[in-house]
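Understanding the architecture of this molecule
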Amino acid sequence: MLSDMRDDDYAGRITLAQVAQQAGVSISTVSKVLNGRQDVAAPTRDKIERLLDENAYRRTTRVAHEAPLIELVFHELESVWALELIRGVERVAKANDASVVLTESGTRQAPGPEWIEGVLQRRPLGVVLVFSTLPAEVKQQLRSRSIPFVVIDPAGDPDPDVPSVGSANWSGGLAATRHLVQLGHRRIGMITGPEDVLCSLARLDGYRSALSMAGLPVDPDLVRYGDFHVEGGRERAAELLDLADPPTAIFAGSDLQALGVLDAARLRGLRVPEDLSVVGYDDVPLAKWSSPALTTVHQPLLEMAEGAAQMLLRLRAKEEVATRLELATSLVVRQSTAAPGSH
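For the structure given in this document, a descriptive report is provided here. (Residues numbered from 1 in each chain as written. Predicted model: local features only at pLDDT ≥ 70, side-chain atom pairs only at ≥ 80, totals over all residues. Heavy atoms only, no water.)

**Quick word on the overall build of the protein**
The following threshold applies: A run of DSSP states H or I qualifies as a helix once it reaches four residues; a run of E qualifies as a strand once it reaches two. Both are numbered from the N-terminal end. Each residue gets one of three labels from its accessible area relative to the maximum for its type: buried under 20%, exposed over 50%, partly exposed in between, using a 1.4 Å probe on protein chains only. Two residues qualify as a contact provided that any one of their heavy atoms is within 4.5 Å of a heavy atom in the partner residue. Each accessible area is a Shrake-Rupley estimate made with a 1.4 Å probe; only the visible protein chains count as cover when residues are assessed.
Scanning the protein from terminus to terminus reveals 11 helices and 14 strands. Out of the 343 residues in the protein, the part that is buried amounts to 54%. Taking the intrachain contacts of the protein between residues at least 6 apart in sequence as the baseline, contacts between residues at least 24 apart amount to 71%. Carbon and sulfur atoms provide 52% of the accessible area of the protein, an area that totals close to 14700 Å².

As structure tokens, this is what we get:
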């Protein structure tokens, strides 16, 4: 606990006692804030954090029980692409004599409030988070304890002060739709992800741009918002395929959703790609083992995770780093797409 440490273990011209005096609280309350405890009223915590920031109160020496860990935080661990991210972080951790600890917390946007207390107690080398962004108070608490963090960003566009690694979602959506247009499809359905996730909107914008460039109308009846999972893809595909004038091709915003599209087509007696072309997104390992093998947009998940972990360790070493890294996507053509009416 910080309350057990000497003041000379810290940089700055102010002591714990002085912070407590200025904030009108006890030293133990200041210590609770520094340790990320949640049993401090938000206004009091904010006041103490502000005083610490104003006086450049930062720990400069390594704490004896600081673990050689990189913490990787997801809002869910069920998705197959999570395995690719874990592999990437583990590669970098292993090369640097560190281990990886996995945490599941929060929603797509941010980790849950219970997480911050745990991570401040674990004191890892740093934290890699698979979220759109971080609340201001979480960023402040991590920085006040000199715990660097990087967001792996397949799901949004983080704040400028959040180091992040992402991919070119708009370009991916453009490439997938352009491929279908070049095959001769004119009614192309789109199942993107949740409408509150920016990568879903970016892939949808790429789809719309490809149609516009080809002089094709963007029919709102052909656009559906999904959830990046198989069942959601099946349900949204059913809606599209049951239209009076159904699409001849569907671009799904994730490989899992594309698998749901394949199932919806099978249930209706449609052949892929003869009756319906299907494109996915992510290029997770199972994409090439589906039947037929899935044409998809390769999102470099493994490389994104490696880049995030490397950025984290450079931040840990106080090296200069670019705070935003965006990796290219690419189209992988397999057997699930063909010209309309192919036999």
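**Quick notes on the sheet that holds strand β9 (residues 223-225)**
Put simply, the rule is: One bridge is not enough; two strands pair if DSSP finds at least two bridges between them. Axes here mean lines fitted to C-alpha atoms, for a helix over just the part in contact, with angles spanning 0 to 180 degrees between N-to-C directions.
The 6 strands are arranged β9-β8-β10-β11-β12-β14 in an open sheet whose pairing can be described as mixed. Whereas interior strands pair on both sides, the edge strands pair on one side only; in this sheet they are β9 and β14 (330-332). Between one strand axis and the next, the sheet turns by 20 degrees as a mean value, whatever way the strands run. Where strand β8 (residues 188-192) meets strand β10 (residues 249-252), 4 bridges bridge the pair, whose relative direction is parallel. Paired with Ile188 across the strands is Ala249, a residue of β10. Sheet strands touched by helix α7 (residues 169-183): β8, β10, β11 (277-282), β12 (295-298) and β14. Its angle to β11, the strand with the most contacts, is close to 165 degrees. In the packing of helix α10 (residues 255-267) onto the sheet, the strands contacted are β8, β10, β11 and β12, and the crossing angle to β11 comes to about 160 degrees.

**Comments concerning the sheet that holds strand β3 (residues 69-74)**
Working definition: the strands of a sheet are paired by backbone hydrogen bonds and lie parallel or antiparallel to each other. The strand order β4-β3-β5-β6-β7-β13 describes an open sheet built from 6 strands, whose pairing is parallel. The open sheet is flanked by β4 (99-104) and β13 (324-327), the only strands paired with a single partner. Averaged over neighbouring strand pairs, the angle between their axes works out to 20 degrees when direction is ignored. Pairing analysis gives 4 bridges linking β3 to strand β5 (residues 126-129), with the strands arranged parallel. The partner of Val73 across the bridge, within β5, is Leu129.

**A closer look at the pattern of salt bridges**
Where we set the bar: Take a side-chain nitrogen of Lys or Arg and a carboxyl oxygen of Asp or Glu: if they are within 4 Å of each other, that pair is a salt bridge.
Inspection of the entire model under this criterion finds 19 salt bridges. When the shortest N-O distance is used, the salt bridge between Arg187 and Asp219 registers 3.3 Å. A residue pair is termed long-range when its members are at least 10 positions apart, and Arg187 in the loop between α7 and β8 and Asp219 in the loop between α8 (198-213) and β9 qualify at 32 residues. Between Asp242 and Arg268 there is a salt bridge, with its nearest N and O atoms 2.9 Å apart. Taken together, the residues Asp242 in the loop between α9 (230-241) and β10 and Arg268 in the loop between α10 and β11 connect sequence positions 26 residues apart.

**Observations regarding the nonpolar core**
Threshold: Side-chain atoms within 4.5 Å are what join buried Ala, Val, Leu, Ile, Met, Phe, Trp, Tyr and Cys residues into a set we call a nonpolar core.
Residues Ile188, Tyr207, Ile250, Phe251, Val261, Leu276 and Val278 are the most contacted members of the largest nonpolar core, which totals 32 residues. Sorting the residues of this core by element identifies α7, β8, α8, α9, β10, α10 and β11 as the ones contributing at least two each. The dominant element in this core, judged by the number of residues it contributes, is α10, at 5 residues. Apart from residues no more than four positions distant in its own chain, Val261 is found in contact with Ile191, Gly233, Arg234, Ala237, Ile250, Ala252, Leu276 and Val278. Residues Val92, Leu125, Met311 and Val321 belong to the second largest nonpolar core, which totals 28 residues.

**Focus: the packing of aromatic side chains**
To be explicit about the condition: Pairing of aromatic rings covers Phe, Tyr and the six-membered ring of Trp, with a centre-to-centre limit of 6.5 Å; geometry is then stacked below 30 degrees between planes, edge-to-face above 60, and tilted otherwise. A positively charged side chain is recorded as over a ring if its NZ (Lys) or CZ (Arg) lies within 6 Å of the ring centre. The angle to the ring normal must also be within 35 degrees.
Scanning all chains against the criterion turns up 1 aromatic pair. Ring geometry for Phe251 versus Tyr281: centroids 6.4 Å apart, planes at 35 degrees, classification tilted. Taken as a pair, Phe251 in strand β10 and Tyr281 in strand β11 lie far apart in primary sequence, 30 residues in all. Accessibility classification places Phe251 together with Tyr281 in one group, the buried group. Here Arg203 stacks its cationic end above the ring of Tyr281, 3.8 Å away from the centre of that ring.

**Examining α10**
In an α-helix, one turn spans 3.6 residues; hence positions three or four apart end up facing the same way. As a reminder of what qualifies: Here, expected helix span is obtained from the residue count minus one, scaled by 1.5 Å.
Look at α10: 19 Å from first C-alpha to last across 13 residues, which is about the 18 Å you get at 1.5 Å a residue. Looking only at α10, the buried set comprises Asp255, Leu256, Gln257, Ala258, Gly260, Val261, Leu262, Asp263, Ala264 and Ala265. Those residues of α10 hidden inside the fold are in contact with α4 (80-95), β8, α9, β10, β11 and β12. A positive phi of about 75 degrees marks Gly269, the residue just after α10.

**Notes on helix α5 (residues 113-122)**
When we look at burial in α5, the residues that qualify are Trp115, Ile116, Gly118, Val119 and Leu120. Considering only its buried residues, α5 is in contact with α2 (27-34), β3, β4, β5 and α6 (136-144). Looking one or two places after α5, you find Arg123, whose phi comes out positive at around 50 degrees.

**Some thoughts on the packing of α9 against α10**
For any two helices packed against each other, one specifies the crossing angle of their axes together with the interaxial distance. Heads up, the rule is: Any angle between 65 and 115 degrees counts as roughly perpendicular, while under 35 counts as roughly parallel, over 145 as roughly antiparallel, and the rest as oblique. It is the rotation of the near helix from the far one that decides the hand of a crossing: anticlockwise by less than a right angle makes it left-handed, clockwise makes it right-handed. Gly is placed with the polar residues, together with every amino acid not listed as nonpolar (Ala, Val, Leu, Ile, Met, Phe, Trp, Tyr, Cys and Pro) or charged (Asp, Glu, Lys and Arg).
Where α9 meets α10, the axes come as close as 7 Å, and the angle between the chain directions of the two elements is 50 degrees. The orientation of α9 with respect to α10, classified from their angle, is oblique. For α9 against α10, the interelement crossing comes out right-handed. Residues Val230, Gly233, Arg234, Ala237, Ala238 and Leu241 of α9 lie in contact with α10, whose contacting residues are Leu256, Gln257, Leu259, Gly260, Val261, Asp263, Ala264 and Ala265. Looking at the contact of α9 with α10 residue by residue, the class counts come to 9 nonpolar, 3 polar and 2 charged.

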